[in-house]
Each structure stands twice: as C-alpha cells, then as structure tokens.
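# Report on the structure
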Amino acid sequence: MVNFDKKGRYSFQDLLEVVHILRSPGGCPWDQEQTHGSIRRELLEEAYEAAEAIDREDPALLREELGDVLLQVVFHADIAADAGRFTIDDVADEITKKMIYRHPHVFADAKEDSSESVLVSWEIRKRQEKHQQTTGDAMNSVARSLPALWRAEKIQKKAAKDGFDWPDIQGALAKLDEEVGELRQAVAEGGNVAEELGDVLFAAVKAGRFAGVDPEMALHETCEKVIRRYYAMEQQARDTDTAISQMSLEEMTRLWEQAKERS
C-alpha cells in the first residue's frame, strides 16, 4: 500500500499526485505501461462523452465527464514529465500565454467592438503564432484527427475568408447536384467511387454551412431518427409475429414508410 492521505474532498494537486503514484514503481501495472499513443483513443472518447453530457444538459454528468477529460490531460502530462519533455505547469503556462496573446482587447490596448471582429483578430494572431504564411498553410494545420465533416467545414471556412466560396446556398446546392451526378457516373463506369463520394460529402458540408447547419450534428440527428424508425419497424413486425429479417425488402420498406409517417 502506498502512503497517501485519504480525504473527504480532493484538489487538483491531489489528482496530480494520484496519477503520479499510479504510474510509479509500486503503483498500477496497467498505468505504468501506457504511452501517449496507447491512450490516444481514450482522450478522444472522453471528450465526446463530455460533449454528450453538454447535449443532454446534465450538469452532474458533465462534471463527471470533465473529470475524465482532465484525468487524460494529467496522465499525458505525467508521461511527458517522466520523459523530461514538459510538465503540467508547462501546459498551463503555454495556454495562459496563448489566451493573453489572443485577447489583446482585454489584456492590451487593442479595441474590438463585436464577437465577429474578435474572431477575425483571433485568426490573424493564430496564424502569426503558427507561422502560417498562406491560407494553404492554415488549411494544412487543421487537425487530421477531427471528424471528417468538421475538418471539411473548417477547411472551407478558411478558403471562404479569401473569397473562394459561392455567393449563396444556390451555388452550393448546384455543386452538390453536380457531384452526385459524378458519383452516379463513377458507379456506372467503375470509376473512383471513393473519391466521388468524398466530393459529394464535401459539397454537402458546404451546403450545410450556408444553411447554418453543423454537418456532424445533422448526421447524428439522422442516425437517431433512423434508430427510432427502426425500433418502430421492429415493433410493427412483432405485432404480426414476424421478425424483420424474415421479411422481404418490399415489406420492410412498407413498414419503414409507416414509421416515417408516424415520426
């Protein structure tokens, strides 16, 4: 047993100590074996679970999930500290300096009179920080680990700042129709279907931008809708003592249309 004082309430410093104990000799064998790469997925999953707590508007769940995210941050920092790369204090120092630098209207003499102007200033300073000389540099810096729909949206927004964009949603919708046509042609002729499907999705994201719709959230909502309707289909099938898998496609389609009418 390690020497650690049990308390009724713990602080951030206690969390740092617990993680370090777990990763030290005499701690937890699993925690000692982990690397940045081995727990990369956990960091992403915990962030998504925190996002779900926000969507549910559940403060208790959000508190719990933010704790899980914080644990991942502390764990990665402890791995780095043991390797002599950086500490959690270095992490805090860097993000604090970044916030001060990117808010000159708060911490210096710059003037910003709207949220929009703040975002413009933020983007300019971000490019300066990261030594991005061109919009291509800024596009290339968008994290490849992002969900592809969000990555596409961020890339499009950077191009739009240069004026490389349709004037309105009609142009975006026309481009979407064009890309769907090219996808159909690729399927019919044995072309590069993956490439053409990617173009369709990219064009759909652009149409969503003009409509003010988050593409990732829109697809999530469609997934939820499909689940609800499939539940309804299964219930209708059970009412006739039939399994969905035993039905023909025509029968399933009829049940789907009925579920669609009810939803």
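Residues numbered from 1 in each chain as written. Predicted model: local features only at pLDDT ≥ 70, side-chain atom pairs only at ≥ 80, totals over all residues. Heavy atoms only, no water.

Below, the discussion takes up the overall build of the chain. In terms of regular secondary structure, the chain is built from 13 helices and zero strands. When its helices and strands are written in sequence order, the chain yields α-α-α-α-α-α-α-α-α-α-α-α-α. In terms of overall size, the chain is more extended than a compact globule, its C-alpha atoms giving a radius of gyration of 25 Å where 263 residues would be expected to give roughly 18 Å. If you line up the chain on its principal axes, its C-alpha atoms span 65 × 55 × 40 Å. (Helix = DSSP H or I, 4+ residues; strand = E, 2+ residues; numbered from the N terminus. Rg over C-alpha atoms; globule rule 2.2 N^0.38 Å.)

Right, let's talk about helix α1 (residues 12-23) for a bit. Structurally, the α-helix is built with 3.6 residues per turn, so residues lying three or four positions apart point the same way. Helix length check: α1 (12 residues) gives 17 Å between terminal C-alpha atoms against 16 Å at 1.5 Å per residue, within 8%. Those residues of α1 not exposed but buried are D14, L16, V19, I21 and R23. Its buried side turned inward, α1 meets α2 (29-33), α4 (59-82) and α5 (88-102). (Expected span 1.5 Å × (residues − 1). Buried < 20%, exposed > 50% of the residue type's maximum accessible area, 1.4 Å probe, protein only. Contact = heavy atoms within 4.5 Å.)

Let's shift gears to the packing of helix α3 (residues 40-56) against α4. Packed helices, taken two at a time, are described by the angle their axes make and the gap between the axes. At a closest axis distance of 8 Å, the pairing of α3 and α4 adopts a crossing angle of 160°. By the angle between their directions, the pair α3 and α4 is classed as roughly antiparallel. Note on packing geometry: the crossing formed by α3 with α4 is left-handed. On α4, the residues touching E42, L43, E46, A47, E49, A50, A53, I54 and R56 of α3 are L61, L62, E65, L66, D68, V69, Q72 and H76. For the contact of α3 with α4, the residue count by class is nine nonpolar, two polar and six charged. (Axes fitted to C-alpha atoms, helices over the stretch in contact; angles between N-to-C directions. Parallel < 35°, antiparallel > 145°, perpendicular 65-115°, else oblique. Left-handed = near helix turned anticlockwise from the far one by under 90°. Nonpolar A, V, L, I, M, F, W, Y, C, P; charged D, E, K, R; others polar.)

Taken together, the side chains of D55, E57, E221 and E224 make up a negatively charged region of the molecular surface. Assignment of secondary structure puts E224 in helix α12 (residues 215-239). (Patch = residues over 30% accessible without salt bridge, like charges linked within 9 Å, V, L, I, M, F, W, Y side chains within 5 Å. Areas by Shrake-Rupley, 256 points an atom, 1.4 Å probe, with all protein chains shown as cover. Salt bridge = Lys/Arg side-chain N within 4 Å of Asp/Glu carboxyl O. Lys, Arg positive; Asp, Glu negative; His and termini not counted. Charge placed at Lys NZ, Arg CZ, Asp CG, Glu CD.)

By the element assignment, H76 lies in helix α4. Setting aside residues up to four positions removed in sequence, H76 forms contacts with H36, I39 and L43.

To describe a pair of aromatic rings, you give the distance between the ring centres and the angle between the ring planes. Going through the model one piece at a time under the given rule, you end up with one aromatic pair. Both rings, one in F4 and one in Y10, keep their centres 6.1 Å apart while their planes meet at 25°; by these two values the pair is stacked. Y10 sits in the partly exposed class, given a relative accessible area of 41%. The positively charged end of R125 is found above the aromatic ring belonging to Y101, 4.4 Å away from the centroid. If you follow R209 out to its NZ or CZ, it ends over the ring of F210, 5.7 Å from the centre. (Phe/Tyr/Trp six-rings, centres within 6.5 Å; stacked < 30°, edge-to-face > 60°. Lys NZ or Arg CZ within 6 Å of the ring centre and 35° of its normal.)

Counting across every chain of the model gives 12 salt bridges. Close ionic contact of E52 with R56 constitutes a salt bridge, the shortest N to O distance being 2.8 Å. Taken together, the residues span about one helical turn, with E52 and R56 both in helix α3 at a distance of four residues. Looking at E52, the relative accessible area reads 39%, which means it is partly exposed. By relative accessible area, which is 53% here, R56 ends up exposed. When salt bridges with common partners are traced through the structure, they connect R23, D78 and D82 into a single cluster.

Taking 1.5 Å of rise per residue, 24 residues should cover 34 Å, and α4 covers 34 Å from first to last C-alpha, within 8% of that figure. Considered for burial, the residues of α4 that qualify are L61, E65, Q72, V74, F75, H76, A77, D78, I79 and A80. The N-terminus of α4 is capped by D58, whose side-chain oxygen sits 3.2 Å from the backbone nitrogen of A60. Residue G84 follows α4 closely and has a positive phi angle near 75°. (Polar contact = N/O pair within 3.5 Å; in protein donor to acceptor, adjacent residues only side chain to side chain.)

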